[in-house]
Each structure stands twice: as structure tokens, then as C-alpha cells.
Amino acid sequence: MNRSIENLLRFVNLTAAGLLAGSLGFGDSPLMPGAELERVPDYPDEEEPDQLPPYLNAIGPIALVSAMALAVGAGNRGRSGKMLDAVAAVGQAGVLATTTFLTVPLNKKFETLAPVDYPRSISHAQLTRTFNRAHAWRTGLGIAAFVCAVASTAMRKQQHQ
């Protein structure tokens, strides 16, 4: 891979991974496709939660694609640099998978639960615990992917000095 293309990919990857990790830990909604379904109205009379612009939901896939491109295409790297790039890509893929297969379906279950007064097969507390665990796992993956991307970029700069 051309060095200038690799530098551009690293910049895009760091930016997107940082925005994604920040949205998971501190944002109102993760910047992933489908995550807008996790947002619930703030008030009972409100029809829909605020919608994010569609281009913001592309940040997660951009982080994943750029991490995968770096893991596969970055040349002249030591074993540890390649490993960090691969771990960053796996972390980004984990964020996407956790959002798609865990947190979004769990949030849809919240909407279909019967009122608290009626018995049901799964309690609201159990569902909340499961959702919180999935979100913590997803946030950890996002932060770990960002840290690996930063470490890989720092190693790359040291090798060229």
C-alpha cells in the first residue's frame, strides 16, 4: 500500500474509531447503523426520538472498513503492528455485531413488554441487566479498538523516525 494512502487511512480510522468509542461511552446513541432504534422518546407524548443525520450512522462502518484495510494492506510492519491493526479491526467488527445482534433486539423487547403489574416470562430487571452487559461489552470493544489503532499509529511513526 502506498505510504500516503496508508497515512490517510490511519487518519480516517483514528477519527472514526475515536468518534465511535466516544459515542458509545458518552453519547446519546452509538454512531452505528440500526442504533437509532435504541433511542427511546424522552417524554411519553413524544412520537419519535430525535433522529441523527444519516451520515453520522456511517461512522461505525467507516471505522470498520478502514481498520480492515489497514489490517490487510499495511506493509512494512512488524508483527506487533500487524497484530494491533488486526485487533482494532476485530474490535470494530465486535462493536457492529454487538449493536446489530444484541442491543437493538433487546431494546425492541423493551417496547413489547407488558406493564409492570402483569406477570411475564422475562422481567424488566433481567432485560435491563442483559442490555447493560451488552452495552458495556460493546463500549469496551470500541475503546479497545481505538486504543489499538492509536498504539499501531504510534508504532508506525517510531519506525519511520
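Residues numbered from 1 in each chain as written. Predicted model: local features only at pLDDT ≥ 70, side-chain atom pairs only at ≥ 80, totals over all residues. Heavy atoms only, no water.

## As for the overall build of the protein chain
Rules: By definition, any uninterrupted DSSP run of H or I lasting at least four residues is a helix, any uninterrupted run of E lasting at least two residues is a strand, and each is numbered from the N terminus. Each residue is placed in one exposure class: buried if its accessible area under a 1.4 Å probe, protein chains only, is under 20% of its type's maximum, exposed if it is over 50%, and partly exposed if it falls in between. We call two residues in contact when some of their heavy atoms are within 4.5 Å.
Helices and strands together make up the secondary structure of the protein chain, namely 4 helices and 0 strands. In the protein chain, the succession of helices and strands from N to C terminus is α-α-α-α. The 161 residues of the protein chain split such that 35% are buried. Considering only contacts in the protein chain between residues 6 or more positions apart, those separated by 24 or more positions represent 73%.

## Observations concerning the nonpolar core
Our working rule: Definition used in this section: a nonpolar core is a set of buried Ala, Val, Leu, Ile, Met, Phe, Trp, Tyr and Cys residues joined via side-chain atoms within 4.5 Å.
With 8 residues, the main nonpolar core is built from Ala16, Leu20, Leu24, Leu31, Ile59, Ala63, Val95 and Leu141. Looking at this core, the elements that each hand over two or more residues are α1 (3–25) and α2 (59–73). Considering each element in turn, this core owes the most residues, 3 residues, to α1. Residues contacting Ile59, with those up to four places away along its chain left out, are Ala16, Leu19, Leu20 and Leu31.

## Some words on the pattern of salt bridges
What counts, and what does not: Salt bridges, as used here, are contacts in which a Lys or Arg side-chain nitrogen is within 4 Å of a carboxyl oxygen on Asp or Glu.
Enumeration over the complete set of coordinates arrives at 3 salt bridges. Across the salt bridge formed by Arg10 and Glu6, the nearest N and O atoms sit 3.2 Å from each other. Here Glu6 and Arg10 lie together in helix α1, a separation of 4 residues that amounts to about one turn. Looking at Arg10, the relative accessible area reads 4%, which means it is buried. Overall, the relative accessible area of 1% leaves Glu6 in the buried class.

## Some details on helix α3 (residues 79–112)
Going by this rule: The span expected for a helix works out to 1.5 Å for each residue beyond the first. Bend is computed residue by residue as the angle between axes fitted to the seven residues ending at the residue and the seven residues starting at it.
The terminal C-alpha atoms of α3, which comprises 34 residues, lie 49 Å apart, in line with the 50 Å expected from a rise of 1.5 Å per residue. Residue Thr99 marks the point of greatest curvature in α3, where the axis turns by about 40°.

## Focus: the side chain of Thr153
Here is the rule: In protein, a polar contact requires one atom able to donate a hydrogen and another able to accept it; more generally it is a pair of N or O atoms within 3.5 Å, and residues adjacent in sequence count only if both atoms are side-chain atoms.
Checked against the element boundaries, Thr153 lands in helix α4 (residues 124–159). A distance of 2.9 Å separates a polar atom in the side chain of Thr153 from the backbone oxygen of Ala149. Filtering out sequence-adjacent residues up to four positions away, Thr153 remains in contact with Arg10 and Leu14.

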